[in-house]
Amino acid sequence: MLDLAIDQQKRLRQALGTFATGVTVVTTVDEEGSPRGFTANSFTSVSLEPPLILVCIANDAATRPVFMGSEHFCVNVLAEDQQDIAAVFASQNRTRFEHISWRAAKHGSPLLDGALTHFECRRTISIDAGDHAIIIGEVLDYGTSGRSPLVYCSGSYVEFGLLQQAMEAGQHGVATRISAIVNFDGAIPMVRDPGTGNFLLPAADRVGTEAEPDTLVGKLSANGIDAAIPFVCAVYEDANQNTHNVVFRGTARTVETSRLKDFELIALDDIPWEKLADKPLKQLLERYLEESEQDAFGLYVGDNMTGKVHPLKAGA
Ligand SMILES: Cc1cc2nc3c(=O)[nH]c(=O)nc-3n(C[C@H](O)[C@H](O)[C@H](O)COP(=O)(O)O)c2cc1C
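Below you will find a few notes about this structure. Every value quoted in this text rests on a predicted model; they were computed, and no experiment measured them. (Residues numbered from 1 in each chain as written. Predicted model: local features only at pLDDT ≥ 70, side-chain atom pairs only at ≥ 80, totals over all residues. Heavy atoms only, no water.)

1. Overview of empty space enclosed by the protein
Stage number 1. Summed over the entire model, instances satisfying the criterion amount to two cavities of 30 Å³ or more.
Stage number 2. For the largest cavity, the calculated volume is near 80 Å³.
Stage number 3. When contributions to the lining of the largest cavity are tallied by element, the ones reaching two or more residues are β13 (175–183) and α6 (279–294).
Stage number 4. Among the residues making up the lining of the largest cavity, the classes are represented as seven nonpolar, one polar and two charged.
Stage number 5. Each pocket or cavity is described by its volume, and for the second largest cavity that value is around 30 Å³.
Stage number 6. Surrounding the second largest cavity, Ile-181, Cys-233, Arg-249, Leu-284, Arg-287, Tyr-288, Glu-291 and Phe-297 form its lining. (1 Å grid on protein atoms, 1.4 Å probe; cavity = no way out; pocket = protein on both sides within 12 Å on 5 of 7 lines; lining within 4 Å. Points joined across faces, edges and corners; volume = space filled by probe spheres on them. Helix = DSSP H or I, 4+ residues; strand = E, 2+ residues; numbered from the N terminus. Nonpolar A, V, L, I, M, F, W, Y, C, P; charged D, E, K, R; others polar.)

2. What to know about the nonpolar core
Stage number 1. The biggest cluster of nonpolar side chains holds 19 residues, and the ones touching the most others in it are Val-26, Ile-57, Phe-67 and Phe-73.
Stage number 2. When residues of this core are traced back to their parent elements, those giving at least two are β3 (35–40), β5 (52–58), β6 (72–77), β9 (117–129) and β10 (132–144).
Stage number 3. Take this core: its biggest share by element is four residues, from β5.
Stage number 4. Here Val-26 is in contact with Arg-36, Gly-37, Phe-38, Ala-40, Val-55, Phe-67, Phe-73, Cys-74 and Val-75, once residues within four sequence places are set aside.
Stage number 5. Ranked by size, the runner-up nonpolar core spans 18 residues in total, among them Phe-199, Ile-266, Ile-271 and Tyr-288. (Core = buried A, V, L, I, M, F, W, Y, C linked by side-chain atoms within 4.5 Å. Buried < 20%, exposed > 50% of the residue type's maximum accessible area, 1.4 Å probe, protein only. Contact = heavy atoms within 4.5 Å.)

3. Quick word on the site of the ligand
Stage number 1. In the neighbourhood of the ligand, 19 residues make up the surrounding shell, with Thr-39, Ser-42, Cys-56, Ala-58 and Thr-63 lying closest.
Stage number 2. Separating an oxygen atom of the ligand from a side-chain N or O atom of Arg-96 is a distance of 3.0 Å.
Stage number 3. Here the ligand loses 84% of its free accessible area of 640 Å² to cover by the protein chains.
Stage number 4. Residue composition of the shell around the ligand, grouped by class: eleven nonpolar, six polar and two charged. (Near = heavy atom within 4 Å. Polar contact = N/O pair within 3.5 Å; in protein donor to acceptor, adjacent residues only side chain to side chain. Areas by Shrake-Rupley, 256 points an atom, 1.4 Å probe, with all protein chains shown as cover.)

4. Quick notes on α6
Residues spaced three or four apart along an α-helix point in a common direction, a consequence of the helix completing one turn every 3.6 residues.
Stage number 1. End to end, α6 covers 23 Å across 16 residues, agreeing with the expected 22 Å (1.5 Å per residue, within 8%).
Stage number 2. At the N-terminal end of α6, a side-chain oxygen is found 3.1 Å from the backbone nitrogen of Leu-281, two or three residues along, and the residue is Asp-278. (Expected span 1.5 Å × (residues − 1).)

What follows is the structure in structure tokens.
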């Protein structure tokens, strides 16, 4: 009974998570004059006349009583290179402001350096709503820098600039290899290398469409796999293969098993670790399993030896 409730909550959270948002850090000062703040994506514009915005804060958030007691607060909309700040302000870290540079806005709330936009507000109404409180604020002052936004969707941060840079990195005379982790009920399609018998992810030289049989989506479709692969989970150069690799991740809405000719559905609990084609694939699947468990995904950018996973949540 309890498990079912948890499962339903997780599914609702995942469905809600498909709504892409920006990411903010909402700040204020407590009674001792110390800066306080937390990461929030529930920020919404409410009214232009008068200028009102809202943000929702969880009843169990440590900063909730501080926000409920303070007259002013500031919503800092994060720029795309501020993922680390989002992570710090979503973590259990209690020295959050020591990790960033900031200054006091006109009415005292912390204004984060490098933020895309800020809205300094006077709290007008707070409404209890289920396990959160809705805090409505009147915008007293605001400013914007014209930088690119940090975007959050389905548990992942999306950095448009970084993705663009990573995708372009492959256009220098190296073959591009596009592959995908397509989750269908806890199993993923894999293909056996005819020479070695080792397992690989489904791959092609471009993403393509169902109507193009030589592309990734075309191959999946020809095998009865109706896949949605909107997220990039790794971009890396493989010097051994002389390939530029982009790995997408997503899910299959349906799989017609009778049409599976080129792929085998491999249960994630049963991955043949000793029979994977190469080390990058092993590391990728290890990370995928870990991240699926935590429902928080990262993007790896690098080569087959070194690289950086752009993280999502602190502690994740
Ligand atoms: C992208 C993202 C968005 C979040 N949005 C909210 C939100 O809108 N409201 C909220 O109460 N918590 C939100 N959280 C969770 C809080 O940031 C997190 O629980 C934080 O630790 C709260 O800090 P506190 O306990 O010090 O108040 C979000 C976390 C992330 C990573």
